[in-house]
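# Tertiary structure, described
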Amino acid sequence: MQTPIPTLFMRGGTSRGPFFKESDLPADVPTRDRVLLAVMGSPDRRQIDGMGGANPLTSKVGIVRPGSKPGVDLDFLFAQLQPDKDTVDTTPNCGNMLAAVVPFALETGMVKAQGETSTFRVLTLNTDMQCDITVQTPGGVVSYAGEAKIDGVPGASAPIKINFLDTAGSVCSGLLPTGKVRDVIDGIEVTCIDNGMPLVIFKAADVGRSGYESVAEMNADTELKARIERLRIACGHAMGLGDVTARNYPKMTLIAPPQHGGSLTTRSFIPHVCHDAIGVLAAVTVGTACVLDGSITEGIAVVPEGNLKTVSVEHPTGEFSVELEVDPANPQNVTRAALLRTARLIMRGEVMVPAAIWKGARASTA
């Protein structure tokens, strides 16, 4: 016997995965996690018995419910799974999957369109972060067709605008969890920073690389990955995160001077696989480092003048532009971060899990 669970399979930004109403999943976390592992087919490198795409970017799940706080329209819980591990991590955010939350809610009737465009406030339960998300809803229906393009996704789609309201210290104690804008940890100069995603930023040259290597080259470089992991574990302690050996954060980002007219070049590990692009909140956090005096990006990043800055973060498959606003009275304080993403509904239906794992919502309440 198998248990059917309603789901929409959606792309959000450069990620994708199944989205669920919270009420359609088990209420207790251990059972829910076993269900999600079965849905994705983890642990298995190919995820052959589930919906996962054999990559961390396609081993993600979104869980949505009506807002639980005043002024909040929707609550979103993001779950990061890994192809070859039995872990379900709901600690960090995912800005890419976040782009699909409002379309999912509109498709399932959880919220109603407001006009030609619709803006809803979303609370990310992982880190208690709020943002306003605006989608196109001509004729009262969410639209996926448009001219917006994001690197890492073929074609064009309707734009989805995300305005982050409170990203500093999403997981860590604050924007700069070590208390410094630059540290030397495990013999390497780093900036440890969290403006939506705990991140360790360091110069590619400091680990003997150019920063322009391909994703395949990075992933095949076992010496580099071992060095990065040693640094990541040391930085985890310095950032107040404890032993991060089994965690998906902090993410590790190598930087180099820009190659294609952007602000700087990046290679981001999530945390053990080189990202084909860069995560949304990782890009926000890298961009934030670029506007902080004294950070590791100083002398590398090309940043415009003024209080409103657009930082173009180059990555292996293109670039990611982040709009940042700094406090005129304190340029070290970033007051707003905004960006553009796209999303698309790929499939709707039911995903099946063995009844031995879960017999369904009705059986759970019987």
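For the structure itself, look to the data block above.
Thresholds, definitions, all that
Residues numbered from 1 in each chain as written. Predicted model: local features only at pLDDT ≥ 70, side-chain atom pairs only at ≥ 80, totals over all residues. Heavy atoms only, no water. Salt bridge = Lys/Arg side-chain N within 4 Å of Asp/Glu carboxyl O. Helix = DSSP H or I, 4+ residues; strand = E, 2+ residues; numbered from the N terminus. Buried < 20%, exposed > 50% of the residue type's maximum accessible area, 1.4 Å probe, protein only. Contact = heavy atoms within 4.5 Å.

## What about the pattern of salt bridges?
If you walk through the whole model with that rule in mind, you get 13 salt bridges. With its nearest N and O atoms 2.8 Å apart, the salt bridge here joins arginine 121 to aspartate 132. Highlighted residues: arginine 121 in strand E6 (residues 117-124) and aspartate 132 in strand E7 (residues 129-136), separated in sequence by 11 residues. A relative accessible area of 17% places aspartate 132 in the buried class. A salt bridge links arginine 336 to glutamate 325, with the shortest nitrogen-to-oxygen separation between them at 3.2 Å. A residue pair is termed long-range when its members are at least 10 positions apart, and arginine 336 in strand E16 (residues 330-341) and glutamate 325 in strand E15 (residues 318-327) qualify at 11 residues. Taking relative accessible area as the criterion, arginine 336 reaches 23% and is therefore assigned partly exposed. Several salt bridges converge on common partners, so that one network encompasses Glu22, Arg65 and Asp75.

## Re the environment of valine 215
Of note, valine 215 is situated in helix H4 (residues 215-220). For valine 215, a relative accessible area of 14% corresponds to the buried category. Taking the C-alpha atoms as reference, valine 215 lies 9.1 Å from alanine 277; in sequence the two are 62 residues apart. Those residues within four positions of valine 215 in sequence are excluded, and the remaining contacts are Cys274, His275, Asp276 and Pro316.

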